[in-house]
Amino acid sequence: MDVLINVFVALHIIGIASLLGGFLTQTKAMGAGTARFGPAMLHGALTMLVTGVALVGLNQADDQPVDNVKIGVKLAVLLVILALVYVKRDEEKVDKGVFAAVGGLTVANIFIATLWT
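Residues numbered from 1 in each chain as written. Predicted model: local features only at pLDDT ≥ 70, side-chain atom pairs only at ≥ 80, totals over all residues. Heavy atoms only, no water.

Draft legend 1. Molecular detail of a nonpolar patch on the surface. Together, V3, V7, L11 and I14 make up an exposed nonpolar region whose accessible area comes to about 360 Å². Inspection of the secondary structure assignment puts V3 in helix α1 (residues 2-25). Its relative accessible area of 65% is what places V3 among the exposed residues. (Patch = residues over 30% accessible without salt bridge, like charges linked within 9 Å, V, L, I, M, F, W, Y side chains within 5 Å. Areas by Shrake-Rupley, 256 points an atom, 1.4 Å probe, with all protein chains shown as cover. Salt bridge = Lys/Arg side-chain N within 4 Å of Asp/Glu carboxyl O. Helix = DSSP H or I, 4+ residues; strand = E, 2+ residues; numbered from the N terminus. Buried < 20%, exposed > 50% of the residue type's maximum accessible area, 1.4 Å probe, protein only.)

Draft legend 2. Local environment of helix α4 (residues 68-88). The terminal C-alpha atoms of α4 lie 30 Å apart, and with 21 residues this matches the ideal 30 Å at 1.5 Å per residue to within 8%. Within α4, burial applies to K70, K74, V77, L78, I81, L82 and V85. Burial along α4 is one-sided: seen end-on, the buried residues are contained in an arc of 140°. Away from its buried face by more than 90 degrees, α4 exposes N68, V69 and V87. If you follow the buried residues of α4, they end up packed against α1, α3 (39-61) and α5 (96-115). (Expected span 1.5 Å × (residues − 1). Arc of directions from axis to C-beta. Contact = heavy atoms within 4.5 Å.)

Rendered as C-alpha cells:
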C-alpha cells in the first residue's frame, strides 16, 4: 500500500508542478496583460483533484490518520482554482487579477500542504 500511496503523491506533485509552472511561464505576459490559462494549468489542477481524492481514500484504507479539516481547506482552494481556470480557459486574455489569484491560491495550497501540521 505504501508504494501505491507514494505513486499518487508523485502524481499529485506533478499536477501541482504543471499548474504552478503554467502560471510562472505566463508571469511576463501577465504584466503585459496578455496572459492566458494554458491546457497544462487545467490538466494540472484536474490531476491534483483526482490524485488528492485518491490519496485521502488510500490513506484512510491504510488506517493512517487524515486531517479532514486540512483536506477540506485544500479541496476548497483547489475547487476555486479549477473553476477559474476552467471558466477562463478559452479566453485569449485573462484579467491580471484573476490570473494572479490563481497563482496566489496555488502557492497558498502548497503552503497549506507543507506547513499545516
